[in-house]
Protein chains: 4
Amino acid sequence: MPEQTPFDLRQRSTFASLVPVTIRYSDQDPLGHVNNVAIAAYLEVGRTELLGPLLEKLGGASLDTVVARLTIDYLRELRYPGTVEVGTRLVRLGTKSMVIGSGIFLGEACVATAECISVFFDLSKRTSTVPPAAIRTEIERLMREGA
Amino acid sequence: MPEQTPFDLRQRSTFASLVPVTIRYSDQDPLGHVNNVAIAAYLEVGRTELLGPLLEKLGGASLDTVVARLTIDYLRELRYPGTVEVGTRLVRLGTKSMVIGSGIFLGEACVATAECISVFFDLSKRTSTVPPAAIRTEIERLMREGA
Amino acid sequence: MPEQTPFDLRQRSTFASLVPVTIRYSDQDPLGHVNNVAIAAYLEVGRTELLGPLLEKLGGASLDTVVARLTIDYLRELRYPGTVEVGTRLVRLGTKSMVIGSGIFLGEACVATAECISVFFDLSKRTSTVPPAAIRTEIERLMREGA
Amino acid sequence: MPEQTPFDLRQRSTFASLVPVTIRYSDQDPLGHVNNVAIAAYLEVGRTELLGPLLEKLGGASLDTVVARLTIDYLRELRYPGTVEVGTRLVRLGTKSMVIGSGIFLGEACVATAECISVFFDLSKRTSTVPPAAIRTEIERLMREGA
């Protein structure tokens with residue numbers, strides 16, 4: 001999966017915008033570093049801050065997205081305290097799903113990258129769904145602009 | 001407990017310093033707001049950022065603190081996304097423990113207050129302990145300065 | 001607060017039922033024990049398993065409860081791996097709120113106790129509310145039976 | 001990655017042993033189901049219960065493992081309350097790393113599968129390391145026995 005991304009997710013410059021996420025004491029584990037599970041939570045902040053406004057504006061009450069596959073590459077140990085920045089970028093749009101690439105940075109250093117397959121989801125039917133055309137158009141626009 | 005605090009923990013001005021904590025999507029629960037458990041994690045960031053440097057500098061390898069009692073008052077619903085600020089202040093110093101007061105703010109609005117009894121803990125003996133005099137002196141100095 | 005509870009929350013026999021909660025590796029912190037925040041999550045399992053069926057059956061779509069105050073007393077270190085049991089008991093019923101007492105046990109040993117003030121909450125109005133009479137009656141019945 | 005696993009991780013029978021993990025109320029998100037991040041925590045319970053005793057017995061004080069890559073396939077929505085079972089199986093042993101396969105089950109239904117590349121890690125040097133021969137021998141034995 002990650003090999004297919006046409007972007008270098010380890011570079012800050014790959015991402016049009018990055019959002020800060022504060023590391024928490026409780027993110028640490030007995031090895032004295034940030035646990036792998038916390039990294040998954042950081043990635044979700046980046047994805048939802050990119051897609052949330054879009055879904056809220058154009059998706060209607062019953063459209064959201066769910067994660068179908070998540071691949072995380074852990075590149076460096078991360079330690080408390082500190083603030084990371086999470087870059088998120090749309091990689092590919094399918095009929096009912098999209099691929100989203102992420103990079104987590106501590107200053108210039110990339111501590112993790114990830115690829116996520118997010119599926120459009122009908123909250124009332126509880127199944128995957130084809131998003132409305134307005135959402136597709138907006139996502140395609142974001143992709144052209146590198147967001 | 002909280003009634004005993006001689007400070008108004010609901011006022012930002014009670015705290016000499018506040019640290020930002022980013023709300024995460026996964027902090028939310030099915031009620032569509034930040035779950036009460038996440039608030040406990042925010043508070044711990046404030047406490048450890050206040051005490052961590054002190055313990056690291058003056059405490060030696062085997063001294064840390066553990067929570068003996070935590071009381072949280074939840075004052076308002078908190079929603080994702082956003083960044084809160086956590087104020088933390090030493091309230092009282094005992095022989096083996098101290099009382100720490102906290103306030104969590106979204107802008108000027110106080111969303112939660114808390115009191116924590118933290119006990120000095122010997123990591124090798126796994127018991128409560130009397131901290132070295134240098135730690136006491138520094139904590140008393142911080143308390144006089146309102147930190 | 002905890003001093004007001006007319007029950008000894010440190011005794012398993014205080015609780016009519018206890019629910020198991022698995023400790024997770026990621027519940028641990030750098031001190032090599034379960035972090036205080038995870039204990040708050042364990043307590044919530046006990047409270048929601050007691051009240052969830054009641055709210056679902058008698059509460060209607062817009063009634064739930066939120067935490068107004070939570071006091072946790074941490075009595076012993078807890079270590080991974082293992083399974084704790086969480087006892088939960090209704091202590092007092094007010095007009096818009098109730099007091100819930102909890103004990104967390106590892107075998108016979110009590111590792112934490114807690115008191116929680118839970119407020120009935122109208123999900124559509126996002127305010128505290130008086131619960132329907134059927135809920136009050138059922139909670140009073142549970143209290144008489146020691147649940 | 002997952003395609004390379006020579007086992008069907010969606011079958012309970014693939015796993016010699018499964019460990020229970022209790023779902024928590026706070027694992028849920030606003031979509032009313034278990035959040036993707038919680039699934040990563042469940043998987044870690046399975047991996048650490050398989051490898052922990054081995055590392056403790058044969059690894060010495062400075063050997064542990066860290067996650068280098070984690071791929072999770074989310075197959076079904078999971079809801080609170082309930083208890084899942086996590087199956088974990090060694091898939092491949094390299095010089096400094098191993099591949100671990102997982103399946104999460106609710107009864108017979110598989111809700112997620114995962115592959116994890118875990119790297120042997122020297123806690124004092126904070127780098128990847130070659131594990132002692134006794135660890136390799138034991139892991140190879142476990143793999144022959146299907147654990």
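It should be noted that the structure appears before, not after, this text.
Now for a description of the structure that goes with this document. (Residues numbered from 1 in each chain as written. Chains lettered and ligands numbered in written order. Predicted model: local features only at pLDDT ≥ 70, side-chain atom pairs only at ≥ 80, totals over all residues.)

## Some words on the overall build of chain A
- Secondary structure summary: chain A contains 2 helices and 6 strands in total.
- Reading the secondary structure of chain A in the N-to-C direction produces β-α-β-β-β-β-β-α.
- What you see for chain A is a C-alpha radius of gyration of 16 Å, in line with the 15 Å of a compact globule of 147 residues.
- Overall, chain A is about 45 × 30 × 25 Å in size when its C-alpha atoms are taken along their principal axes.
- Counted over contacts in chain A with a minimum sequence separation of 6, partners at least 24 positions apart contribute 72%. (Helix = DSSP H or I, 4+ residues; strand = E, 2+ residues; numbered from the N terminus. Rg over C-alpha atoms; globule rule 2.2 N^0.38 Å. Contact = placed C-beta atoms within 7 Å.)

## A word on the packing of helix α1 (residues 36-58) of chain B against helix α1 (residues 36-58) of chain C
- In contact at an axis separation of 9 Å, α1 of chain B and α1 of chain C are set at 170 degrees when each is read in the N-to-C sense. Between α1 of chain B and α1 of chain C, the interaxial angle falls into the category roughly antiparallel. For α1 of chain B against α1 of chain C, the interelement crossing comes out right-handed. Packed against α1 of chain B, whose contacting residues are N36, V37, A40, A41 and E44 of chain B, the element α1 of chain C presents N36, V37, A40, A41 and E44 of chain C at the interface.
- A class-by-class count of the residues in the contact of α1 of chain B with α1 of chain C yields 6 nonpolar, 2 polar and 2 charged. (Axes fitted to C-alpha atoms, helices over the stretch in contact; angles between N-to-C directions. Parallel < 35°, antiparallel > 145°, perpendicular 65-115°, else oblique. Left-handed = near helix turned anticlockwise from the far one by under 90°. Nonpolar A, V, L, I, M, F, W, Y, C, P; charged D, E, K, R; others polar.)

## Looking at the interface of chain C and chain A
- Residue-level contacts link 8 residues of chain C with 8 residues of chain A.
- Along the lines of polarity and charge, the residues of the side of chain C that touches chain A split into 3 nonpolar, 4 polar and 1 charged.

## Section: unusual backbone geometry
- Between Y80 of chain B and P81 of chain B the backbone carries a cis peptide bond, its omega angle lying at -5 degrees.
- Following the sequence through the fold, P81 of chain B ends up in the loop between β2 (63-74) and β3 (83-93).
- One non-glycine residue, R126 of chain A, lies in positive phi territory at about 55 degrees.

## A short note on the interface of chain D and chain A
- On the chain A side, the residues contacting the 18 residues of chain D number 18 residues.
- Secondary structure elements with two or more residues in the side of chain D that touches chain A: α1 (36-58) and β2 (63-74) of chain D.
- The residue makeup of the side of chain D that touches chain A, split by class, is 10 nonpolar, 2 polar and 6 charged.
- Sheet topology note: the strand β2 (residues 63-74) of chain A/β2 of chain D ladder contains 5 bridges and is antiparallel. (Pairing = 2+ DSSP bridges.)

## Examining the relation of the copies chain C and chain A
- You can overlay chain C on chain A at an RMSD of 0.0 Å; the transform is a turn of 180 degrees with a shift of 0.0 Å along its axis. Such values leave the two copies arranged in the relation of a two-fold axis.
- Looking at the interface residues of chain C, 100% of them are also at the interface in chain A, so both copies use one shared face. (Least-squares fit on C-alpha atoms with pLDDT ≥ 70 in both.)

## A short note on the relation of the copies chain D and chain A
- When chain D is fitted onto chain A, the two copies agree to an RMSD of 0.0 Å after a turn of 180 degrees and an axial shift of 0.0 Å.
- Most of the interface of chain D is mirrored in chain A, where 100% of its interface residues are also at the interface.

## Considering the pairing of strand β3 (residues 83-93) of chain D
Residues and elements named next belong to chain D.
- Pairing analysis gives 5 bridges linking strand β1 (residues 18-22) to β3, with the strands arranged antiparallel. The residue bridging T22 from the neighbouring strand is T83, located in β3.
- Pairing of β3 with strand β4 (residues 97-106) involves 8 bridges; the strand directions are antiparallel. Looking across to β4, one finds that R89 is bridged to G101.
- Hairpin geometry of β3 and β4 is characterised by an intervening segment of 3 residues between the two adjacent antiparallel strands.

## Observations regarding the environment of E138 of chain D
All names here are of chain D.
- The topology assignment puts E138 in helix α2 (residues 133-144).
- Each C-alpha atom, one on E138 and one on L54, is 7.9 Å from the other, the two residues being 84 residues apart in sequence.
- Ignoring any residue separated from it by four or fewer positions in sequence, one finds E138 in contact with L54 and L58.

## Focus: α1 of chain D
Residues and elements named next belong to chain D.
- With 23 residues, α1 should cover 33 Å at 1.5 Å per step; its first-to-last C-alpha distance of 33 Å lies within 8% of that length.
- The axis of α1 is deflected most strongly, by about 35 degrees, at L51, and proline P53 appears within four residues downstream.
- Just downstream of α1, G60 is the residue with a positive phi angle, here 80 degrees. (Expected span 1.5 Å × (residues − 1). Bend = angle between axes of the 7 residues up to and from the residue.)

## Some remarks on the environment of R47 of chain C
Residues and elements named next belong to chain C.
- When you line up the elements, R47 lands in helix α1.
- Among the residues examined, R47 registers 23 C-beta atoms within 10 Å and is labelled buried.
- As a C-alpha pair, R47 and G103 span 56 residues in sequence and 11 Å in three-dimensional space.
- Leave out the neighbours within four places in its chain, and R47 touches T88, I100, C116 and S118. (Buried ≥ 20, exposed ≤ 12 C-beta atoms within 10 Å, placed from the backbone.)

## Some thoughts on the environment of V130 of chain D
All names here are of chain D.
- With respect to the helices, strands and loops of the structure, V130 is situated in the loop between β6 (127-128) and α2.
- Classification of V130 by C-beta neighbours within 10 Å gives exposed; the count is 11.
- Sequence-distant contacts of V130, defined by excluding residues within four places in its chain, comprise T95, K96 and F120.

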